[in-house]
Amino acid sequence: MKSSLTLLALVTGATASKLAQAPQMGFNTWNSFKANYDESTINHIASLMLSLGLKDAGYNYLLLDEGWSDMSRTSDGYLQSNQTTFPNGIASLADRVHDMGLKLGLYGDSGILTCGFRPGSWGYEERDALTLASWGVDYWKYDNCGGFQAMSNAPQERFGLMRDALERTGREIFYSVCEWGFQFPWHWGGEIGHSYRMSGDITAKFINETGCPCKTAYCLNTGYAGCSVTSILRKMREISVYQQRGHWLDMDMLEVGVGDMSVPMQQTHFAFWAALKSPLIIGADLRTLKNESLAVLTNRDVIALNQDPLGKPVHFVDSVSVEGWVQVWAGEVKGGNVVLVFNEKSYPQKVEISLKDLGLGIQRPVHAKELWSGKSLGRIDTVEAQLEAYQTLVIRITR
């Protein structure tokens, strides 16, 4: 490894990056396995990403969260994999993952220790970045746990040091900044990460969570965990305007297929993550994923909203929304627009929304398609529908 590191160390400066032209898509181990997984588990998950059609749908990152590394560095100070669970090392695993047409990601921390008390990268940024590059790693999720002394340093400094170190390796490594929305990263995260978290951790609840201390984006107590789907969505009303290509606001992992969400809840969750241009990172256990959840995760029309070349998020349309009843969001996509109508109630209700009231410049009937049902609505100037509990219509408008 030392010779590879020496060669890489000669490379200075950032290379022109093609990363993050659209939000990243992939699978993360945390929800399903926490820190308890091994090489055999990852090989199985990689195979499932192919056999379930997830790779073909665009999910190409296989992300190993907390648990892949040893509890200590090597005697000469390098990161190393857990020798019991990953006896063949990360470079070998990366080769196999690449051979399957996937990309490999790892997890680290901007402090002295990770959340699981494994070695963090504070003070080791250059060495760890070169190690990742020498292994052939494609993605680095950089957390905010275990900072201890390092937490006295501003997140802009801690996360910025790793950005610079990764750029100097000469290898394109996607940099996912996981600072939990600390110190309002939409004002600075775009200068550091390819994506950056805008809130504390999501939980597998659609509504009514008790562990999310901040119900709005601009709140000093962002918290570590416990935010429901609708709480994170509520925060995005204030900050979706900061979304930009190459530096995506990360609304955290998808809880589709996790917990006890109904199909309309799962569709609503996925639709808003897609339309708001959040990364689409699956958290469900692929070994037991239900067909109904797989259908949500692989809906090509909704995924296309996320990967749309314009890269523009939808925005909350306050003038036609009714707080606590119906949310309406709208935005531009290549060749037209998209409108999301979300029934916030636990019972069905009828909605009627005039398209000309959405601020999209629509003054006459336009061709529309509802993306979950796949049905053409013909030419319309008004959305009229009976929505099920927590259901969201996703209407693609073609000019």
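As annotated in an unreviewed UniProt entry, the protein chain is Alpha-galactosidase from Aspergillus granulosus. As recorded by UniProt, the Sequence similarities (unreviewed entry) comment attached to the protein chain reads in full: "Belongs to the glycosyl hydrolase 27 family." Comment text from UniProt for the protein chain, heading Catalytic activity (unreviewed entry), reads "Hydrolysis of terminal, non-reducing alpha-D-galactose residues in alpha-D-galactosides, including galactose oligosaccharides, galactomannans and galactolipids."

## What about the packing of aromatic side chains?
Overall, the coordinates contain 18 aromatic pairs when judged by the stated rule. With centroids separated by 5.4 Å and ring planes inclined at 85 degrees, the aromatic side chains of W186 and Y218 adopt a geometry described as edge-to-face. One end of the pair, W186, is in the loop between β5 (174-177) and β6 (195-197); the other, Y218, is in the loop between β6 and α8 (229-239), and 32 residues separate them in sequence. Members of the aromatic cluster, connected to one another through ring pairs, are F206, F272, F316, W329, F342 and Y390. Positioned above the aromatic ring of Y78 is the side chain of R127, whose terminal nitrogen or guanidinium carbon lies 4.6 Å from the ring centre. Sitting over the face of the ring of F316, R237 holds its NZ or CZ atom 4.2 Å from the ring centroid.

## Focus: the UniProt feature "domain: Alpha galactosidase C-terminal" (unreviewed entry) in the protein chain
Per the UniProt record, "domain: Alpha galactosidase C-terminal" (unreviewed entry) is found at residues 324-397. Segment residues 324-397 splits into 0% helix and 61% strand. End C-alpha atoms: 26 Å apart.

## Quick word on helix α6 (residues 125-135)
Residues that lie three or four places apart on an α-helix share one face, since the helix turns once every 3.6 residues. Among the eleven residues that make up α6, eight are buried, leaving the element largely enclosed by the rest of the structure. Backbone geometry just downstream of α6 places G136 in the positive-phi region, at approximately 85 degrees.

## Description of the state of the cysteines
Tallied over the full model, the rule gives three disulfides. Put simply, C214 and C219 are joined by a disulfide, and their sulfur atoms are 1.9 Å apart. An S-S torsion of about -70 degrees defines the bridge between C214 and C219 as left-handed. Judged by relative accessible area, C214 falls into the buried class, the value being 1%. Regarding the disulfides, the protein chain carries the connectivity 1-2, 3-6, 4-5 under sequence-order numbering of its bonded cysteines.

Rules used in this analysis
- Residues numbered from 1 in each chain as written.
- Predicted model: local features only at pLDDT ≥ 70, side-chain atom pairs only at ≥ 80, totals over all residues.
- Heavy atoms only, no water.
- UniProt positions renumbered as here; feature names shortened; annotations may be inferred.
- Phe/Tyr/Trp six-rings, centres within 6.5 Å; stacked < 30°, edge-to-face > 60°.
- Helix = DSSP H or I, 4+ residues; strand = E, 2+ residues; numbered from the N terminus.
- Lys NZ or Arg CZ within 6 Å of the ring centre and 35° of its normal.
- Buried < 20%, exposed > 50% of the residue type's maximum accessible area, 1.4 Å probe, protein only.
- Disulfide = S-S within 2.5 Å.

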